[in-house]
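# Commentary on secondary and tertiary structure
Residues per chain are reported as follows:
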Amino acid sequence: MPRTHDVIRLPMASSTPSIARTKLAGFLTVNQVPASRIDDALIVLSEMLANAVSHGKPGEDGTIEVSWAITRGLLEISVRDAGEGATLTPIDFDSDSLSGRGLSIIGKLTDRWWVDVSEGTRVNAEMSLNARA
């Protein structure tokens, strides 16, 4: 039976999104997730990690925590860094914007997302694994 949960620690580096996407793609493929949802999940993870690497703070060991789990047809993705006091809200952007799209993209591709600042900053996103219409 395939694993339904993974937690990994990765360095806070520009290579981290690529490493994490590869691991998540393998996890979702083994769990027979539809390709369209894998694509969406990889975009969501990339945006979450780009925000953490750009704006967050690594833990004492220089890493950030990335996790995902499949429960009752839902995928939950979580990225936690050691930063404190972050206010994360999507901002309006236009086609000329060079940044600031991440949270809006996450909001469009997931069923819901939220932030927990009880231990650093943890951004969570939840999405159905059913193929999108």
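Only a predicted model underlies this, so the values are computations on that prediction, with no experimental measurement involved.

### Remarks on the pattern of salt bridges
Evaluated as defined, the whole model comprises 6 salt bridges. Ionic pairing is found between Arg 37 and Asp 40, a salt bridge with its closest N-O pair at 2.7 Å. Remark: Asp 40 and Arg 37 occur in helix 2 (residues 35–55); sequence separation between them is 3 residues, near one turn of the helix. The exposure class assigned to Arg 37 is buried, which follows from its relative accessible area of 3%. The shortest N-O distance in the salt bridge between Glu 126 and Arg 112 comes to 3.1 Å. Here Glu 126, found in strand 5 (residues 121–128), pairs with Arg 112, found in strand 4 (residues 112–116); they are 14 residues apart in sequence, far enough to count as distant. For Arg 112, a relative accessible area of 43% corresponds to the partly exposed category. Salt bridges here are not isolated pairs; linked through shared partners, they connect Arg 9, Asp 61, Glu 65, Arg 80 and Arg 122.

### Considerations on the environment of Pro 2
Summarising the element assignment, Pro 2 is placed in the segment before strand 1 (5–11). Classification of Pro 2 by relative accessible area gives partly exposed; the value is 34%. A C-alpha to C-alpha distance of 6.2 Å links Pro 2 and Asn 31, two positions 29 residues apart in sequence. Among all residues touching Pro 2, those that are not within four sequence positions of it are Val 30 and Asn 31.

### A look at the pairing of strand 2 (residues 63–71)
When you tally the buried positions in strand 2, you get 8 out of 9 residues, the bulk of the element. Across 7 bridges, strand 1 lies against strand 2 in antiparallel orientation. The residue of strand 2 that forms the bridge with Ile 8 is Val 66. Looking at chain direction, strand 2 and strand 3 (residues 74–81) are connected through 7 bridges and run antiparallel. Of the residues in strand 3, the one forming a bridge with Val 66 is Val 79. Here strand 2 folds back onto strand 3, and the loop between the two strands holds 2 residues, one of which, Arg 72, carries a positive phi near 50 degrees.

The rules behind each value
- Residues numbered from 1 in each chain as written.
- Predicted model: local features only at pLDDT ≥ 70, side-chain atom pairs only at ≥ 80, totals over all residues.
- Heavy atoms only, no water.
- Salt bridge = Lys/Arg side-chain N within 4 Å of Asp/Glu carboxyl O.
- Helix = DSSP H or I, 4+ residues; strand = E, 2+ residues; numbered from the N terminus.
- Buried < 20%, exposed > 50% of the residue type's maximum accessible area, 1.4 Å probe, protein only.
- Contact = heavy atoms within 4.5 Å.
- Pairing = 2+ DSSP bridges.

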